[in-house]
Every structure is written in C-alpha cells, then in structure tokens.
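Examination of the molecular architecture
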2 protein chains.
Amino acid sequence: MGGMSLPDWVFDAAFYQIFPDRFYRSGRAAAWPEASGPFEPWDAPPTVRGFKGGDLWGVADKLDHLLELGVNALYLNPVFASSANHRYHTSDYLRVDPILGGDTALRHLLDEAHARGMRVILDGVFNHSGRGFFPFQHLLENGPASPYRDWYYVRGFPLHAYGAKPNYDAWWDNPELPKLKVATPAVRRYLLHVAEYWIRFGADGWRLDVPEEIDDPAFWAEFRARVKAANPEAYLVGEIWHKAPDWVAPAGPFDGLMNYPLGRAVLGFVGGEGFDRELAARSGLGQVPLLDAAGWVEQVEAVLAAYPEGGFGHLNLLGSHDTPRIYTMMREDAARTALALELLAVLPGAPSIYYGDEIGLPGAHDPDNRRAFPWQHPERWNRAILERVRRVLELRRKQEALRRGGFARVWSEGGRAAFLRGGERGLLLTVNAGSAGWALDLPCSRHGERRQGLLADGRLACRGGRLRGAELPPLTLEAWAWVD
Amino acid sequence: MGGMSLPDWVFDAAFYQIFPDRFYRSGRAAAWPEASGPFEPWDAPPTVRGFKGGDLWGVADKLDHLLELGVNALYLNPVFASSANHRYHTSDYLRVDPILGGDTALRHLLDEAHARGMRVILDGVFNHSGRGFFPFQHLLENGPASPYRDWYYVRGFPLHAYGAKPNYDAWWDNPELPKLKVATPAVRRYLLHVAEYWIRFGADGWRLDVPEEIDDPAFWAEFRARVKAANPEAYLVGEIWHKAPDWVAPAGPFDGLMNYPLGRAVLGFVGGEGFDRELAARSGLGQVPLLDAAGWVEQVEAVLAAYPEGGFGHLNLLGSHDTPRIYTMMREDAARTALALELLAVLPGAPSIYYGDEIGLPGAHDPDNRRAFPWQHPERWNRAILERVRRVLELRRKQEALRRGGFARVWSEGGRAAFLRGGERGLLLTVNAGSAGWALDLPCSRHGERRQGLLADGRLACRGGRLRGAELPPLTLEAWAWVD
C-alpha cells in the first residue's frame, strides 16, 4: 500500500483548524435558498445543539488575516449537510451545508485559498452517518423493502432510531450515528465516490474521522488510490490518537496522523505542574504526564522513530474541537500557551492551530471549546500569544530546516532542552520551559562555531567545548542559525 | 394574477403520465454512486414500500415508443430524492433521486425529449415534505435550537415523528408528511427557488400537488411569476379534483387543473352500467354518476363554461396513480376502455394517458394501480386498445380543430352524442356509447353538406335537413370532416 511520497506542500504547511459554525459569519450564506435562521448570538456561550451561523464565505473573508498570521493551509471540520452544528452527523455527503453557504461558498473559498497559495483539507466522516442521511431515512421508512437495506448493521425491523437503545450498530451505541456497512459494495462505492468527488472539486485532502473503526485495509487502500489518482498532491491524515505506523504510508493509507502523542508530549513538558491534567484526562487526550526536558525529547524521538519517513506527514496539534483548549488547560498561562505553540511549530510535521488558540481563547469541554471567534472584541485577544505565534510561523516559513530538517537531540536538563533541526549547520533550538532564565551553556565540538538568534537578538559562540553567550528568558524558545 | 395566455404547445400536447419507479428499468441508474439495490422483481405485484427500480434513463429509452403512440409530453410523478417509491415524501427538492439516475438522468431525459419536440413536466409537492427533508431532520435533532424551527407547524418539542400521533401539522395527520410552513419567509424563498430552479434546469412545467392546502394566494402568485419569468412557455397545472376557476389564469395561478370532473363525466357516460362505481368511489374519483349522452354533454359544457379560456389548459384524464385503472373500473371491457380514451382525446384540453392504460393494464387501488409496465410480456398487451389510442392521437395531431377548436353540442339521445369541434366547418364528432350500431341521422341545415369519416371510411351527406349515410358501430366514435 502507498509508496507514494508525501506531497511536497505538506512539508511547508502551517495549518489552521476551523470549526465552520464558529469562525466568522459573513451573512452572505443567508442568501442561499436552503439556509435559514435565526442563529444564536455570536458572543453567547455555545450550546450543544445551537448554531452560530458561521459560514464558508466568512472563512474566505478572513484568508488574508490568516495569511498574516502565517497560516497557509486550513483543516475544516465537516462542511457537508448535517443536522449537527459540528456536522459530524452527515445528512448528505455530496452537498455542502446550506447554512455554510452551500457548494457555492466552498467553491469560492477554495478558489480564494488557491489564489493565495493556500490549501484546504476537508473532514471525512465515513464510519457512520447521521440519521438524516438518505439511505438511513430510506431504511427507516421502508424497512426490509428498502434497496438500502444493506447499508447499515441492522439487527431488527422496524428500526428503533429515536429511542434510547438503537437496534443497529452505531458509534458508541449513539443512535444518532448509525455505522455504515462499508463491506456492502454499494456503500463502498458511494464512499469512494465521495472521497474522489471532493478532491476533484478542489479540496486538497482529507482528514479522516475515526478511521480505525473501519477495519478494512482494502477499503482504505482503494481510498488512497482513488484520491491520489484524482490528485497526487492530495494529503490524507487520519484521526488516530496513538502511534499507528501501520496506518501511514508506505505501510498504510495515510500520509500522516493527527499527532496527539507529540502534542501530549509538548503539553506535558511546557505545561509543567500547573497544567490542568484532570481537565485533559476527561478528553481524548487522556493522561498528560508531567515531563522534564529529557522525557520530552524521548517522547519526541519515539514518535518520530515510529514512522519511516520521519513524521513529516503528521498534523501536529495541541488541541482541537475534541479537547479542552490549550489556554484553559494551561490555566490561562499565556506564556506557557505561547511557548507550547512555538515549540509545536519548530518540530517535524505540519503544525496545526485550533482557531482561537492563537489569541488565547478559553474553553473547557464541548461545547465550551467551540466558542465563536471574538472578531468584534479585539480587546479580548491575547496579543502576546498572537504575536509569538505569528513570529514563529514566520520563522518556520523562512527556515527550511524547520520544515524539512531532521530532528536531533543535543542536550536536556530539567525544563531545558536543546535540539537541532537540519543537522549541525542547520538550526539549533533551545527551549526553556522553566520559570527562571537560562544562561545558555551547551556542549559544542567546533571551536569558533557561532550562532545568531533569530527570534531575539542573541549570539552564541563555541569556546572550550561550550556554546555560550546569551540567556534564554523563562518560557521562551530561540532558534539559533549557524553563522559562517 | 396571471393574465399571460396559455403556452402554445399545451394546445398541441398529448400527455403520458409516468410513475417513474414502474415504467422502465434501464439498469443504467445502478452506475450512479448513490444508487443501491436489489429491487423487487419487475413483474411481481407492487407493494406499498417496495421499489422496482424504474429510472429516468429508462424513460428516455422509451421516448421513440411513446412518440409512435402519439404522445408528445410527459407528466412525471415526483422524481426528487425521497424515501417513498412514489416519491411524494420529498427528502431533497434539489436533487433527483439516485435510484432514478440522479440529476444526470433527468438532464439526459430532458435533452432527449426536447430533441424530439417533446415536453416534460414535473410533480411539485410543496405543501408537505417527507420526514427525511433536511429541515425536518434538523428540527428533529436540534429541537428549538434549530435555525429551521419555523419551517413546520410544531406544537411541542421534542418532535414525535415516529409514533402514531404527530405533534406537528401533517397532511391528513400522517406523521410521514409534515406540513411546511409556507408563511415563513425562508420556507417561501426555498420553495420558490425550487420552482424556478428546475424550470431553469429544463423542465417544461409543474404539476402541483394538493395546492389548495397552501391557502396563500400571494405565494401562488409569486410562484407563477417566478416560473413564467424563468420560462414563459412553462405550463402550470394544479391537482384540484373539482371545478376551481379561481385557481386558473387569469383569475388564479395555474394554466389548468387535473380535469377529473371531465374524466368523471367520460367514465360515467362511456362506462355505462357495467362501470365499477364502488371501486371508483373508494378513490378520489368519488361518485361517478351514470350519464346518458345528454347528461354527459351537460357536464362537458359545465366544465368548459367554468373557465373563461374554454378549458384548453386542463390536463384531461380518466385515471392516475391516485385512482383505480380505467381498464379495471371498466371491468376489463376493452371496447369501453378504448372509447373512453378516444373520447378524452377529442375534447378541449390536453389528454393525459396514465402509463399502461393504453395497453389495458389492470389495477385496483394503490399499490395495485402502480404495476410495472410489462415490457417483457407483449402478449399481455391489449393491442385493440393500443391501436385505437394510437389512431385517435394521430387524428388529434392532424386535426387542428381537435386541438384548438371550440366545443359545441349538436345532438344527444340515449348513449349517442354528436358535437362539433371548431365550428360548423370543423369536425363533427359522433360517439356511440351504446351496445347497438347507430345509423347516423342528425339534424343539418345546409343542404348538400358532405362529411368524410376520418377513422373509418364512411360518408355523410345532408339531405332534407338530415345528415345520414353511415352507421357507427357500438362503442366507437368517429370524426367527420367537412368536405367542400
């Protein structure tokens, strides 16, 4: 399976994850005939069932803002017609939700993004549908007489779809999410058609929701083949929360995974003792162990080593719509939040920022972690985090070593670590997750080696086997360029 | 309202009503990714919930056959995505059902029909949707938090949609058919968009399902305006079972109605005492009174007089998917079936043949009246009916008087009637609904007037104030052309 190498653009990608209902409401979607309203007030706390009315025209309106932030790729939570505000309950895989502006708005967004050199990947939810998906409705109405009778794992007719306990297989036994029977040829054909359809429409890839639930390697192999045939540059990333090299090319169907293990390591290291482990534990993040620098390096190396291509295909993230927000897990410690985001951006793989994390948007569990972006309240934005994220993404954009260079440990002690990206003459990264300044003093082998700090204005030089000359403030990192 | 005159093509139209699931299965729809199967055996008795898998590619395949029959317009029962085999439970008004071949198959059918000078009108079901329609699903899942909360007449949350008694308005209190709240601007806008969308797609008009249920003249006025603006040649015909001149232009929104009153009169006259009145009475046809020729003429005149433009805009029919089939109501009397179809074709308005009636397909109540067309069993076709239908449609095509001429009574007695189409020098029609031959003997005023029979080879001449010279066999009609 696989064998095709990672699309080139993924090395250079800096993602921004958008939960479409909550990012920006342009108001233009209201002109779409299938749309409706009214919506909940934008700034009110989000509810489990309510809609804020963010739309894809709105995402397009903010592309220049995102470019300034340094983002060049978007991962959109599901956009297809759905009865849920998160749209994981798909009603129609072949139509963009009218509240988002329909297919027209996605067309516009893709065109505007591509015109700026930006990429957009979509969220593919193929394990289960919503109850509103027409084959399920068909089966619900017609029972065994329906030509869609083999589309689900039905245990009896009539279907009990709106009571407590479904008589069909469903995701976590949730009747709202009937499990699709991918083994049925018609279902398989449909899903593969969907996969190819949106790539041909212009999407730059798929993030695959709970792919392990579809235990069918032949399906995934064909999925990859169909998508890559439609666009060899398409990016496939699986929502797998643990290390799973069998799912990644060349062994498996995806180019990378949502790299929660790496994110967990960064949180465990940068978050320190103040990190809200209890809050994290009640999400998919699970246990976020307290790590010192050595433990962190070990975790990073373990993640990278698990994948033959070095982990460049992963989507690296600290949080998402499925976790509490970093700022809140960090107990609103802006410096630690910023440092974690910075650190993510200087590791191999494509960093992904969950919308709003860059301004220190708070949020505990769903639905609180899906607040509307406070465009009308810039006074609530944490400018310090925003500026540090902008600067580290700019650094990443300018420094090829951060995008394509290998990772090599240099030194670690307590809350302090140093590592290289791109070899000795590449970048030296120093991270200070401790609460005191760090007078840098690292081993070096080339007498006269000099390095220049790229974020602050420090300089280092190698004398007597020690690299010294600058102090790294607490809760910051620096990238040191080799000076010839 | 209205004021625009009837589209010219409607005068010349001979319709054929197709129930898409039951007409012809091309097999090509199976290639459509959303389609599924298997279907019920084509020749097995139809069931309430089962699907035969007829498709729109299949309709296109049979256009030449229909042209030979003399049909030049199709009225299709609903084609949009639905969980019902009749598709009156709409799931998606903006998508052709995948089992029918999707939008692609409708595109193909319209192109093929138009290339042959044929027209196609669609069935618009705007009073209620199916439960699978996304705004209903949205409301079902999200309750009052849904932006679609004003799309239906909800009496309480959560919705009880799958029990016996719905807590929302529904057609005949059937929970499967929630009534749309047309007063809500978003609903109105959506439905008007749908109306215009498919006209712009290429449909030649709409048959409107239960329009009286939408008691909103402003909606219908805008409906007509939008459709006619999109295509001034579009034809609008309302499913109203009684005389309703307020619904017809220039007073109302439609060009005509489904002319059950005329059909009932034809059945009551031609059907005679053998007509199965009990069967008819258990359908929307209701009471079909036994009529002699005088009573029949009176009914015809009353229907025509009710409409200022003379009833040319009506869709004249003897039966439909909502009634038992003529052949069965006629107790399988082929001659009376054929005569009724002939008589319909020589009256003002567009005749419409329910698929299969032309071959004497039997069928009592739903679902029996929706049997699959027996293409594979030509031995079951009643060739006599078929040939008589073909010949009368040919006659209608050749004789403008039958298409555009006014109706005027001449004479009636017992089961025998004579009337003119297109004035004295137009066509004289003689109908013999009795069981004995009729030696024609009609009053005439122009000595020397001569007429030539167009279906059989008779001649009539006026001498001494009486038009004589031929005998009309029982259960036939003849059209007599003026000979100069």
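All values reported here derive from a predicted model rather than from experimental measurement. (Residues numbered from 1 in each chain as written. Chains lettered and ligands numbered in written order. Predicted model: local features only at pLDDT ≥ 70, side-chain atom pairs only at ≥ 80, totals over all residues. Heavy atoms only, no water.)

Let's talk about the confidence of the model for chain A
- For chain A, the mean per-residue pLDDT works out to 96, and 99% of the residues sit at or above 70.
- Taken over the whole predicted complex, pTM reads 0.93, whereas the ipTM for its chain interfaces reads 0.91. (pLDDT = per-residue confidence, 0-100.)

Some details on the packing of aromatic side chains
Residue and element names in this part refer to chain A.
- Tallied over the entire structure, the rule returns 85 aromatic pairs over all chains.
- Centre to centre, the rings of phenylalanine 136 and tyrosine 168 are 5.1 Å apart; their planes meet at 70°, and the pair counts as edge-to-face. Here tyrosine 168 lies in the loop between helix 5 (134-142) and helix 6 (185-201) and phenylalanine 136 lies in helix 5, a separation of 32 residues in the sequence. Neither phenylalanine 136 nor tyrosine 168 differs from the other in exposure class; each is buried. (Phe/Tyr/Trp six-rings, centres within 6.5 Å; stacked < 30°, edge-to-face > 60°. Helix = DSSP H or I, 4+ residues; strand = E, 2+ residues; numbered from the N terminus. Buried < 20%, exposed > 50% of the residue type's maximum accessible area, 1.4 Å probe, protein only.)

Comments concerning empty space enclosed by the protein
- On inspection of all chains with the given rule, the structure shows 6 cavities of 30 Å³ or more.
- Estimates place the volume of the largest cavity at around 200 Å³.
- Considering the residues around the largest cavity, the lining is formed by 17 residues, among which Ser91, Asp92 and Phe134 of chain A together with Ser91 and Asp92 of chain B are closest to the centre.
- Secondary-structure elements contributing two or more residues to the lining of the largest cavity are strand 4 (90-96) and helix 5 of chain A together with strand 4 (90-96) of chain B. (1 Å grid on protein atoms, 1.4 Å probe; cavity = no way out; pocket = protein on both sides within 12 Å on 5 of 7 lines; lining within 4 Å. Points joined across faces, edges and corners; volume = space filled by probe spheres on them.)

Side note on the interface of chain A and chain B
- With 40 residues of chain A at the contact, the number on the chain B side is 40 residues.
- Summed over the three residues of chain A that lose the most area to chain B, namely Pro33, Glu141 and Pro147 of chain A, the buried surface amounts to 18% of that side.
- Between the two partners, chain A and chain B, sit 4 salt bridges.
- Ionic pairing is found between glutamate 141 of chain B and arginine 131 of chain A, a salt bridge with its closest N-O pair at 2.9 Å.
- The interface formed by chain A and chain B contains 13 residue pairs in polar contact (both at pLDDT 80 or more).
- Of all the elements in the fold, those that place two or more residues in the side of chain A that touches chain B are strand 4, helix 5 and helix 6 of chain A.
- It is helix 5 of chain A that contributes the most residues to the side of chain A that touches chain B, 6 residues altogether.
- Partitioned by chemical class, the residues of the side of chain A that touches chain B number 20 nonpolar, 11 polar and 9 charged. (Contact = heavy atoms within 4.5 Å. Buried area = accessible area lost by both parts, 1.4 Å probe. Salt bridge = Lys/Arg side-chain N within 4 Å of Asp/Glu carboxyl O. Polar contact = N/O pair within 3.5 Å; in protein donor to acceptor, adjacent residues only side chain to side chain. Nonpolar A, V, L, I, M, F, W, Y, C, P; charged D, E, K, R; others polar.)

Quick notes on the pairing of strand 16 (residues 459-463) of chain B
All names here are of chain B.
- With 3 bridges joining them, strand 15 (residues 450-453) and strand 16 adopt antiparallel strand pairing. Within strand 16, the residue paired with arginine 451 across the bridge is leucine 460.
- The loop that links strand 15 with its antiparallel partner strand 16 comprises 5 residues.
- Direction of pairing for strand 16 relative to strand 17 (residues 466-472): antiparallel, over a ladder of 3 bridges. Among the inter-strand pairings, alanine 461 is bridged to a residue of strand 17, identified as arginine 468.
- Between strand 16 and strand 17, which pair antiparallel and follow one another directly, the connecting turn spans 2 residues, one of which, glycine 464, has a positive phi of 60°. (Pairing = 2+ DSSP bridges.)

Concerning the relation of the copies chain A and chain B
- Least-squares fitting of chain A to chain B yields an RMSD of 0.0 Å, with the superposition described by an axial translation of 0.0 Å and a rotation of 180°. On this basis, the relationship between the two copies can be described by a two-fold rotation axis. No C-alpha of chain A lies nearer the rotation axis than that of glycine 132 of chain A, which sits 3.1 Å from it.
- Both copies present the same face, since 100% of the interface residues in chain A are matched by interface residues at the equivalent positions in chain B. (Least-squares fit on C-alpha atoms with pLDDT ≥ 70 in both.)

Quick look at the environment of aspartate 150 of chain A
- Looking at the element boundaries, aspartate 150 of chain A is found in the loop between helix 5 and helix 6.
- Aspartate 150 of chain A sits 95 residues away from proline 245 of chain A along the chain, and the two C-alpha atoms are 32 Å apart.

With respect to helix 6 of chain A
Residue and element names in this part refer to chain A.
- Between its first and last C-alpha atoms helix 6 spans 24 Å; for 17 residues at 1.5 Å apiece the expected length is 24 Å, and the two agree.
- Buried residues dominate helix 6, accounting for 12 of its 17 residues.
- Every buried residue belonging to helix 6 is among Ala186, Val187, Arg188, Tyr190, Leu191, Leu192, Val194, Ala195, Glu196, Trp198, Ile199 and Phe201, and all of these are buried.
- Each element contacted by the buried residues of helix 6 is listed here: strand 3 (80-82), strand 4, helix 4 (102-115), strand 5 (119-124), strand 6 (205-208) and helix 7 (217-230).
- Looking at the residues trailing helix 6, positive phi occurs at glycine 202, about 135°. (Expected span 1.5 Å × (residues − 1).)

A word on helix 12 (residues 334-345) of chain A
All names here are of chain A.
- For helix 12, built from 12 residues, the straight-helix expectation of 16 Å at 1.5 Å per residue is met to within 8% by its first-to-last C-alpha distance of 17 Å.
- Buried residues dominate helix 12, accounting for 10 of its 12 residues.
- Along helix 12, the residues that are buried comprise Arg336, Thr337, Ala338, Leu339, Ala340, Leu341, Glu342, Leu343, Leu344 and Ala345.

Notes on the packing of helix 12 (residues 334-345) of chain B against helix 13 (residues 383-398) of chain B
Residues and elements named next belong to chain B.
- In the contact formed by helix 12 and helix 13, the axes pass within 9 Å of each other and the chain directions differ by 15°. On the basis of their axis angle, the class for helix 12 and helix 13 is roughly parallel. Viewed along their axes, helix 12 and helix 13 form a crossing whose handedness is right-handed. Contact residues: Ala334, Ala335, Thr337, Ala338, Leu339, Leu341, Glu342 and Ala345 in helix 12; Ile385, Arg388, Val389, Val392, Leu393 and Arg396 in helix 13.
- The residue inventory of the contact of helix 12 with helix 13, partitioned by class, reads 10 nonpolar, 1 polar and 3 charged. (Axes fitted to C-alpha atoms, helices over the stretch in contact; angles between N-to-C directions. Parallel < 35°, antiparallel > 145°, perpendicular 65-115°, else oblique. Left-handed = near helix turned anticlockwise from the far one by under 90°.)

Describing the sheet that holds strand 15 (residues 450-453) of chain A
Residue and element names in this part refer to chain A.
- If you walk across this open sheet you meet the 8 strands as 11-12-13-18-15-16-17-14, and the pairing is antiparallel. For this open sheet the edge positions go to strand 11 (407-413) and strand 14 (438-443), each flanked by a neighbour on one side alone. Strand-to-strand twist in this sheet, taken as the mean axis angle between neighbours without regard to direction, amounts to 25°.
- In the sheet, strand 11 pairs with strand 12 (residues 416-421) via 6 bridges, with the strands oriented antiparallel. Along strand 12, the bridge assignment pairs serine 412 with alanine 417.
- Most of the contacts of helix 10 (residues 293-305) go to strand 11, to which it runs at about 165°, and overall it touches strand 11 and strand 12.
- The strands that helix 12 touches are strand 12, strand 13 (427-432) and strand 18 (476-483); relative to strand 18, the one it contacts most, it runs at about 35°.

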